[in-house]
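# Observations on chain architecture
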Amino acid sequence: MKSLYLLRHAEAARGRATDEDFDCPLLPRGRAAAERLSETMAAEGIRPELVICSGARRARETWEILSERLSAEDGEPIILETLDDLYLATMTQLLTVLRAAPGDTESVLMIGHNPGLQQFAGRLAGPDSEDGALQKLRKGLPGGGFVVLSLEGVDWARIKPGSARLERVLFPADLPVPG
């Protein structure tokens, strides 16, 4: 069974123009949320083999925070692909990128932006998806929102709408606060 993880970059400052928006850094609360997500992922054994990350600064910074904890789990490196094309990518563009993932890769994490990422998750979700996760996804995908999908008997090259099972949706507010 293959696992697909979708992560909207953590909360970031806002730019006024497109160039400024691409280079917006994470806010301190976005950094803290990414750190909490990395702790949750590590505790649950979620460690993708391949990370496909938007080239936007806030997406790269989100991955940098996650990678500090996830990369240290064992000696196997996580393969990272940074693609500027993921910046504000549509559902169709995200699907094209995912279909190019190596067939022997069992788990992929895509770090990107809305509205494409939320639409992508919703379109991939098949009829056996968790109702609670579907309802939560329909509310939106905030900065730092994390989606877990599973694919049984589906190769990345043949993935299509409705072929995944939406397992879970986590918002930053769902993550434990250190204390």
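Now for a look at the structure at hand. (Residues numbered from 1 in each chain as written. Predicted model: local features only at pLDDT ≥ 70, side-chain atom pairs only at ≥ 80, totals over all residues. Heavy atoms only, no water.)

### Section: the packing of aromatic side chains
What describes a pair of aromatic rings is the distance from one ring centre to the other and the angle between the planes of the rings. Per the counting criterion, the structure on display carries two aromatic pairs. Relative to F146, the ring of Y5 lies with its centre 5.8 Å away and its plane at 10 degrees, an arrangement referred to as stacked. Placement of Y5 in strand β1 (residues 2–8) and of F146 in strand β5 (residues 146–151) is noted, with a sequence separation of 141 residues between them. Assigned by exposure class, Y5 and F146 land together as buried. Here the aromatic rings of F22 and Y87 are separated by 5.0 Å at their centres, their planes lie at 80 degrees, and the arrangement is edge-to-face. One end of the pair, F22, is in helix α1 (residues 18–22); the other, Y87, is in the loop between β3 (79–83) and α4 (91–99), and 65 residues separate them in sequence. For K136, the ring lying beneath its charged end belongs to F171, and the centroid distance is 4.8 Å. (Phe/Tyr/Trp six-rings, centres within 6.5 Å; stacked < 30°, edge-to-face > 60°. Helix = DSSP H or I, 4+ residues; strand = E, 2+ residues; numbered from the N terminus. Buried < 20%, exposed > 50% of the residue type's maximum accessible area, 1.4 Å probe, protein only. Lys NZ or Arg CZ within 6 Å of the ring centre and 35° of its normal.)

### Quick word on α4
Buried residues of α4: M91, L94, L95 and L98, and no others. The arc that holds the buried residues of α4, viewed along the axis, is 100 degrees, so those residues lie on one side. Here the buried face of α4 lies against β1, β4 (107–112) and α5 (116–124). (Arc of directions from axis to C-beta. Contact = heavy atoms within 4.5 Å.)

### As for the layout of surface pockets
Taken as a whole, the largest pocket spans an internal volume of roughly 280 Å³. Partitioning the lining of the largest pocket into residue classes produces four nonpolar, five polar and five charged. (1 Å grid on protein atoms, 1.4 Å probe; cavity = no way out; pocket = protein on both sides within 12 Å on 5 of 7 lines; lining within 4 Å. Points joined across faces, edges and corners; volume = space filled by probe spheres on them. Nonpolar A, V, L, I, M, F, W, Y, C, P; charged D, E, K, R; others polar.)

### Examining the pattern of salt bridges
In total, this model carries 11 salt bridges according to the counting rule given. For E106, the salt bridge goes to K2, with nearest N and O atoms at 3.7 Å. Here K2 lies in strand β1 and E106 lies in the loop between α4 and β4, a separation of 104 residues in the sequence. Look at K2 and you get buried, because its relative accessible area is 8%. Each of D128, E130, R165 and E167 takes part in salt bridges that share partners, so that together they form one network. (Salt bridge = Lys/Arg side-chain N within 4 Å of Asp/Glu carboxyl O.)

Function cannot be read off these values alone, since they describe shape.
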